[in-house]
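# A closer look at the structure
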Amino acid sequence: MFNLRRGGAVAASAALALTLAACGGSGSDESAEKGTEENPVRIGVVGASDPQWPIFEDLAAEEGISVEVVDFTEYTQPNPALTDGDLDLNQFQHILYLAQYNEADGEDLTPIGATAVYPLALYSLKHDALEDIPDGGEVAVPNDVTNQARALFVLEEAGLITLADDAGVVPDPTDIVEEESKVTVTPVDANQTVVSLDSVDASVVNNDFIDDAGLKPEDALFADSAESEGARPYINVWVARAEDAGNETFQQLVEIHKSPEVTEALQESAGGTASMADQSPEELQEILAEVQASLGE
């Protein structure tokens, strides 16, 4: 479970649970009729050309469920489209992004299934193992807010830094407890984390840049995973409107997406780096409530 020291939200979790219970757990009348050829389940994604989606559509059709994968070019588009009823589901975002949308727009979009975490990893050209990084060593991290926060969680889990108890879900370097940390942290542009490998002891590098640098995931000294506490807000999720959270057809689609065929194709598009996640809807909704409560503090 996501550590409550980063913004506990028992009340928020309870409120969310009550909201879902009040919906009766069966979805709206309209969504219950979804999945026919005349009324397919419309799923918003960013990257409909990824190889898993045609396979997913075929498997859904074999189960008698008609789906329409709707492609978006901007990450800002699928959540408003779902809120407005233009979509039935979307699947493009992690929990933190969803929490930020709900908080900013006063909405209650709800995760109903987990897909994967795309690990964030620590690389070095100077050291062969995590324990070789010296006391007082320097580590570069991306300086954009979301990736920087996650990079700090990676370093904390690796035992290289300690974050303050009240750091929240989006910590920055001012939240590092220096006297309890092994290394110093230097924020740089994300695309400079690879370049910095020549001059620092290690860098936390986004997957987007490892190929160009000639790095491979197996070269990493450390990486988070779908079960890492710090990675919980970054679990990618299936999302529905709150009143549809218990829709059986939607849950069936979540399970179809976990099939070996779809998983293999997803890993292909992720270069084999995806860490598959399998948290229950209830666990995901609890994480979402905790993250939203922390953002609202």
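The preceding data block contains the structure.
Residues numbered from 1 in each chain as written. Predicted model: local features only at pLDDT ≥ 70, side-chain atom pairs only at ≥ 80, totals over all residues. Heavy atoms only, no water.

## A word on the layout of surface pockets
Just so we agree on the cut-off: Cavity means a closed set of points on a 1 Å grid over the protein atoms alone, one where a 1.4 Å probe fits but cannot get out, pocket means an open set with protein on both sides within 12 Å along at least 5 of 7 lines, and lining means a residue has an atom within 4 Å of a point. Grid points are joined across faces, edges and corners, and a volume is the space filled by probe spheres set on the points. Under the DSSP-based scheme used, a helix requires at least four consecutive residues in state H or I and a strand at least two consecutive residues in state E, with every element numbered from the N terminus. Residue polarity follows a fixed list, in which Ala, Val, Leu, Ile, Met, Phe, Trp, Tyr, Cys and Pro are nonpolar, Asp, Glu, Lys and Arg are charged, and the others, Gly among them, are polar.
In this model, the largest pocket occupies a volume close to 1100 Å³. Surrounding the largest pocket, 29 residues form its lining, Tyr 75, Phe 92, His 94, Tyr 118 and Asn 236 being those nearest its centre. Secondary structure elements with two or more residues in the lining of the largest pocket: α3 (52–62), β3 (89–94), α5 (95–105), α6 (145–157), α8 (207–210) and α10 (260–269). Residue contributions to the lining of the largest pocket peak at four residues, all from β3. Taken together, the residues that form the lining of the largest pocket break down as 12 nonpolar, 14 polar and three charged.

## Remarks on the packing of α3 against helix α9 (residues 248–257)
Heads up, the condition is: In this description, a line fitted to the C-alpha atoms serves as the axis of each element, helices being fitted only across the stretch in contact, and the angle between N-to-C directions of two axes falls anywhere from 0 to 180 degrees. Angular relationships are summarised with four words: roughly parallel below 35 degrees, roughly antiparallel beyond 145, roughly perpendicular across 65 to 115, and oblique for the angles in between. For any pair of crossing helices, the crossing counts as left-handed if the nearer helix is rotated counterclockwise from the farther one by less than a right angle, and right-handed if it is rotated clockwise. Residue contacts follow a heavy-atom distance rule, with two residues in contact if any of their heavy atoms lie within 4.5 Å.
α9 packs onto α3 with a crossing angle of 125° between their chain directions and a minimal axis gap of 10 Å. When the interaxial angle is binned, α3 and α9 end up oblique. Here the hand of the crossing between α3 and α9 comes out right-handed. Contact residues: Gln 52, Trp 53, Phe 56, Leu 59 and Ala 60 in α3; Leu 253, Ile 256 and His 257 in α9. A class-by-class count of the residues in the contact of α3 with α9 yields six nonpolar, two polar and no charged.

## Considering the side chain of Ser 181
Selection criterion: For the purposes of these results, a polar contact is taken to be a pair of N or O atoms within 3.5 Å, where, inside protein, one atom must be able to donate a hydrogen and its partner to accept one; residues adjacent in sequence count only when each atom of the pair is a side-chain atom.
Position of Ser 181 among the secondary structure elements: in the loop between α6 and β8 (183–188). Of the polar contacts made by the side chain of Ser 181, one reaches the backbone nitrogen of Thr 162; its length is 2.9 Å. Discounting residues that sit within four places of it in the chain, Ser 181 has contacts with Leu 160, Ile 161, Thr 162 and Ile 176.

## Structural notes on the environment of Asp 198
Where we set the bar: Relative accessibility under 20% of the residue-type maximum defines a buried residue, over 50% an exposed one, and the middle range a partly exposed one, all with a 1.4 Å probe and only protein chains included.
Assignment of secondary structure puts Asp 198 in the loop between α7 (192–195) and β9 (202–205). Residue classification places Asp 198 among the exposed residues on the basis of a relative accessible area of 62%. For Asp 198, the residues in contact, after removing those within four places along its chain, are Leu 125 and Lys 126.

## Let's talk about the environment of Arg 42
Examined against the element boundaries, Arg 42 turns out to sit in strand β1 (residues 41–45). We classify Arg 42 as partly exposed; its relative accessible area is 26%. As for Arg 42 and Gly 85, which are separated by 43 residues in sequence, their C-alpha atoms are 9.8 Å apart. Not counting residues up to four positions away in its chain, the partners in contact with Arg 42 are Glu 68, Val 70, Asp 86, Leu 87, Asp 88 and Leu 89.

## Some remarks on the packing of α3 against α10
Here α3 crosses α10 at 170°, and the two axes come no closer than 8 Å. Here α10 runs roughly antiparallel to α3, going by the angle between their axes. Across from Gln 52, Ile 55, Phe 56 and Leu 59 in α3, the residues of α10 making contact are Glu 261, Val 262, Ala 265, Leu 266 and Ser 269. For the contact of α3 with α10, a count of residues per class yields six nonpolar, two polar and one charged.

## So, the pairing of strand β7 (residues 137–142)
The line we're drawing: Between any two strands, at least two bridges found by DSSP are needed for them to pair. Throughout, right-handed denotes a crossover for which the path from the first strand over the helix to the second runs clockwise when the strands point away from the viewer.
In terms of burial, β7 is largely enclosed, as five of its six residues are buried. Pairing between β7 and β8: six bridges, direction parallel. The residue of β8 that forms the bridge with Val 141 is Pro 187. This β-α-β element, β7 to α6 to β8, shows right-handed connectivity. Pairing of β7 with β9, which is carried by two bridges, proceeds in the parallel orientation. Within β9, the position partnered with Val 139 by the bridge is Ala 202.

Structural measurements only, silent on function.
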